[in-house]
Amino acid sequence: QVQLVESGGGLVQAGGSLRLSCAGSGIIFSTNAMGWYRQAPGKQRELVAGITNRGYTNYADSVKGRFIISRDNAKNTVYLQMNSLKPEDTAVYYCAAGIRGARADYWGQGTQVTVSS
């Protein structure tokens, strides 16, 4: 059974930082492209950042220069370091494995990130 468990969400003031973690089990973590998505109320889910099994990364334009995705295959964990947070970053953030654009093979349950102004 595949499980992706996110942690690290919460409430932060604008300009602050948060680090999300996603621990995976039940999959060969190191061979999967991993990603972080987010969905704000009334909006479609969007890919925030992705990282291939070889460590190549890509980011949504809205977070470039502020967010950093990384992975530790030995720990089956992917991270999202979020800096200079803005109120518009408020959303539920989802970890995903086997990502292909807007689609993914597996999803976590999501973690809420709220940025106050």
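Residues numbered from 1 in each chain as written. Predicted model: local features only at pLDDT ≥ 70, side-chain atom pairs only at ≥ 80, totals over all residues. Heavy atoms only, no water.

Section: the packing of aromatic side chains
Alright, step 1. By the definition in use, this model includes 1 aromatic pair.
Alright, step 2. Taking the ring centre of Tyr79 as reference, the NZ or CZ of Arg19 above it sits at 4.0 Å.
Alright, step 3. In this arrangement the basic side chain of Arg45 is found over the ring face of Tyr94, its NZ or CZ atom lying 6.0 Å from the centre. (Phe/Tyr/Trp six-rings, centres within 6.5 Å; stacked < 30°, edge-to-face > 60°. Lys NZ or Arg CZ within 6 Å of the ring centre and 35° of its normal.)

A few points about the pattern of salt bridges
Alright, step 1. With the rule as written, the count across this model stands at 5 salt bridges.
Alright, step 2. Between Asp61 and Lys64 there is a salt bridge, and its shortest N-O distance comes to 3.1 Å.
Alright, step 3. Put simply, Asp105 and Arg100 hold a salt bridge, and the shortest N to O gap is 2.8 Å.
Alright, step 4. By relative accessible area, Arg100 is classed as partly exposed at 47%.
Alright, step 5. Put simply, Arg38, Glu46, Arg66 and Asp89 are held in one network by salt bridges that share partners. (Salt bridge = Lys/Arg side-chain N within 4 Å of Asp/Glu carboxyl O. Buried < 20%, exposed > 50% of the residue type's maximum accessible area, 1.4 Å probe, protein only.)

Brief notes about the state of the cysteines
Alright, step 1. As enumerated under the stated definition, the model contains 1 disulfide in all.
Alright, step 2. Linked covalently through their sulfurs, Cys22 and Cys95 form a disulfide whose S-S length is 2.1 Å. In this structure the cystine formed by Cys22 and Cys95 twists about its S-S bond by roughly -75°; its chirality is therefore left-handed. Placement of Cys22 in strand E3 (residues 18–25) and of Cys95 in strand E9 (residues 91–97) is noted, with a sequence separation of 73 residues between them. (Disulfide = S-S within 2.5 Å. Helix = DSSP H or I, 4+ residues; strand = E, 2+ residues; numbered from the N terminus.)

A closer look at the pairing of E3
Alright, step 1. Summarising the sheet, strand E1 (residues 3–7) and E3 pair through 5 bridges and their orientation is antiparallel. Paired with Gln3 across the two strands is Ser25, which belongs to E3.
Alright, step 2. In terms of strand pairing, E3 meets strand E8 (residues 77–82) through 6 bridges, oriented antiparallel. Counterpart to Leu18 in the pairing with E8 is Met82. (Pairing = 2+ DSSP bridges.)

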